[in-house]
Amino acid sequence: MKKVFEVLKKIFVLFIAFILLVSVSVFIYHNFQLSKEAALLKREGTFVKFNNKKINVYNEGKGEDTFVFMAGSGIAAPVYDMKGLYSQFSKENKIAVIERAGYGYSDVFNDDRDINKILEQTREALIESGNKPPYILVPHSLSGLEAIYWAQRYPDEIKGIIALDIGLPQQYVAHKANQNLVDSLTVRGINILTKIGLHRLVPSATYNPEVIRQSFLTEEEKEIYKALYYKQLLNDDMEQELLQAYENGKKSVNLPIPKETPILFLDAIADQYKNSKYTKQKNKDYEEFAEQLEIADVIKIRGTHSIYLYVPDEIYKLSMEFINKDVKKNEILRDEKI
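Let me sum up the structure you'll find in this document. These numbers were taken from a predicted model, which means no experiment stands behind them.

### What about empty space enclosed by the protein?
- Per the counting criterion, the structure on display carries two cavities of 30 Å³ or more.
- A volume near 110 Å³ is recorded for the largest cavity.
- Along its surface, the largest cavity is lined by R100, I115, I118, L142, S143, L145, E146, E241, A245 and N248.
- Residue contributions to the lining of the largest cavity peak at three residues, all from helix α5 (residues 143-153).
- A class-by-class count of the residues in the lining of the largest cavity yields five nonpolar, two polar and three charged.
- The wall of the second largest cavity is formed by I55, I98, R100, A101, R113, I118, Q121 and T122.
- Looking at the lining of the second largest cavity element by element, the count peaks at three residues for helix α4 (residues 115-128).
- When grouped by side-chain class, the residues that make up the lining of the second largest cavity number four nonpolar, two polar and two charged.

### Details of the pattern of salt bridges
- Going through the model one piece at a time under the given rule, you end up with 20 salt bridges.
- Between E120 and R123 there is a salt bridge whose closest N-O contact spans 2.8 Å. Within this pair, E120 and its partner R123 are both found in helix α4, separated by three residues, close to a single helical turn.
- Looking at E120, the relative accessible area reads 31%, which means it is partly exposed.

### Describing a nonpolar patch on the surface
- Judged by side-chain polarity, F12, V13, F15, I16, F18, I19, L20 and V22 come together as a nonpolar surface patch covering roughly 740 Å² of accessible area.
- On the secondary structure map, F15 appears in helix α1 (residues 2-37).
- With a relative accessible area of 48%, F15 lands in the partly exposed category.

### Thoughts on the layout of surface pockets
- In this model, the second largest pocket occupies a volume close to 350 Å³.
- Every residue lining the second largest pocket is listed: G72, S73, G74, I75, H140, S141, V187, I190, L234, L242, H305 and S306.
- Considering only residue class, the lining of the second largest pocket consists of five nonpolar, seven polar and no charged.

### A few points about unusual backbone geometry
- Each neighbour pair has its own omega, and for P133 with P134 the value is 5 degrees, a cis peptide bond.
- Structurally, the position occupied by P134 is in the loop between α4 and β5 (135-139).
- The phi dihedral of L234 is positive, around 40 degrees, even though this residue is not glycine.
- Considering the arrangement of structural elements, one finds L234 in the loop between α10 (219-232) and α11 (236-243).

### Re α5
- When you tally the buried positions in α5, you get 10 out of 11 residues, the bulk of the element.
- When we look at burial in α5, the residues that qualify are S143, G144, L145, E146, A147, I148, Y149, W150, A151 and Q152.

### As for helix α13 (residues 277-291)
- The end-to-end C-alpha separation of α13 is 21 Å, in line with the 21 Å expected for 15 residues at 1.5 Å each.
- Residues of α13 that are buried include every one of T279, K282, N283, D285, Y286, F289 and A290, and no others. The buried residues of α13 occupy an angular sector of 155 degrees when projected down its axis, which confines them to one face. Opposite the packed face of α13, turned more than 90 degrees from it, sit the exposed residues K277, K280 and E291.

### Comments concerning the packing of aromatic side chains
- Evaluation of the coordinates by the stated rule reveals 13 aromatic pairs.
- Put simply, the rings of Y58, F67, F69, Y86, F89 and Y316 pair up and form one aromatic cluster.
- Over the ring of F47 we find K54; its NZ or CZ atom is 5.0 Å from the centre of that ring.
- Lying across the ring of Y154, R123 places its NZ or CZ 3.6 Å from the centre.

### Here's the deal with the packing of α5 against helix α12 (residues 245-253)
- Running from N to C, α5 and α12 cross one another at 25 degrees; their axes reach a closest spacing of 10 Å. Relative to α12, α5 is oriented roughly parallel. The handedness of the crossing between α5 and α12 comes out as left-handed. Residue-level contacts link L145, I148, Y149 and Q152 of α5 to A245, N248, G249, K251 and S252 of α12.
- Looking at side-chain class alone, the contact of α5 with α12 contains four nonpolar, four polar and one charged residues.

### A closer look at the pairing of strand β6 (residues 158-164)
- The buried fraction of β6 is high, at seven of seven residues.
- Summarising the sheet, β5 and β6 pair through three bridges and their orientation is parallel. Paired with L137 across the two strands is I161, which belongs to β6.
- What joins β5 to β6 is α5, and the crossover it makes is right-handed.
- Here β6 runs beside strand β7 (residues 263-269); their pairing, made up of four bridges, is parallel. By the bridge assignment, I161 is partnered in β7 with I263.

Conventions adopted
- Residues numbered from 1 in each chain as written.
- Predicted model: local features only at pLDDT ≥ 70, side-chain atom pairs only at ≥ 80, totals over all residues.
- Heavy atoms only, no water.
- 1 Å grid on protein atoms, 1.4 Å probe; cavity = no way out; pocket = protein on both sides within 12 Å on 5 of 7 lines; lining within 4 Å.
- Points joined across faces, edges and corners; volume = space filled by probe spheres on them.
- Helix = DSSP H or I, 4+ residues; strand = E, 2+ residues; numbered from the N terminus.
- Nonpolar A, V, L, I, M, F, W, Y, C, P; charged D, E, K, R; others polar.
- Salt bridge = Lys/Arg side-chain N within 4 Å of Asp/Glu carboxyl O.
- Buried < 20%, exposed > 50% of the residue type's maximum accessible area, 1.4 Å probe, protein only.
- Patch = residues over 30% accessible without salt bridge, like charges linked within 9 Å, V, L, I, M, F, W, Y side chains within 5 Å.
- Areas by Shrake-Rupley, 256 points an atom, 1.4 Å probe, with all protein chains shown as cover.
- Expected span 1.5 Å × (residues − 1).
- Arc of directions from axis to C-beta.
- Phe/Tyr/Trp six-rings, centres within 6.5 Å; stacked < 30°, edge-to-face > 60°.
- Lys NZ or Arg CZ within 6 Å of the ring centre and 35° of its normal.
- Axes fitted to C-alpha atoms, helices over the stretch in contact; angles between N-to-C directions.
- Parallel < 35°, antiparallel > 145°, perpendicular 65-115°, else oblique.
- Left-handed = near helix turned anticlockwise from the far one by under 90°.
- Contact = heavy atoms within 4.5 Å.
- Pairing = 2+ DSSP bridges.
- Right-handed = clockwise from strand over helix to strand, strands pointing away.

Okay, here's the thing in structure tokens:
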């Protein structure tokens, strides 16, 4: 028995030594590649400084309205990920892509990612980069939390919201995902693994292959896109965003619903999940939220969560119909009240 224990002990020690060797090797390779890829990361946008840190805002196009594109959680290269969609809007409108702290060309701030802090950084970065309110927000996924909170805190700055399969504040509160030990450990674990560089071993799980497959990026931009994902994926700021989603959701839920802000909910319905409990509940949540607004609509769109990659033409068409019909109607009503 003692001999068996000694053998198992040696196997365990060898296994740990192997894991450490692989981890150190990958870490060295990862940092070597990061230093090489740094030459690819040409500045795309305007940097706005916050003390010794900076946030990037990318502007394009001209027009009466400014559409602000806000990426979802973990979208490490918003300027490139969302190009297929915002390039539709920038043909006749002004667009701004805000890259939050830890995203794209922006620095990692290493703060607590409290929603008030995130929002104030966004507002200041937009103004300092030449974008004055009011805005039409185009949030995706987690950034829907910030968009709705923005409309609650500063309603005069928001003309409308085009919500791309967003997460609602009450959903983050109801699910309490960030109080779940398993979810929390998963997020923290992936954060550690990306610091080591293990995500380089699984490119298809690091960035979205659909972005590479499509043609809205040049070949050079696709290489930059990959480099940004290898550099930024689930860094400390992205980790904290996820871990703070519950607390940030509570801050929004405790405020009145932004009844006067027009919101178009575009609900992505994937074929394989169209009859799932989650999909039905999500649509119900959107409908119930929309019913409390003066001007709102909920439209189901066939596609996966990253809906802006698959039906940009349809999103643009539906958005402009909503803006031209309902948002402008809302502006007239506001003027009449004044």
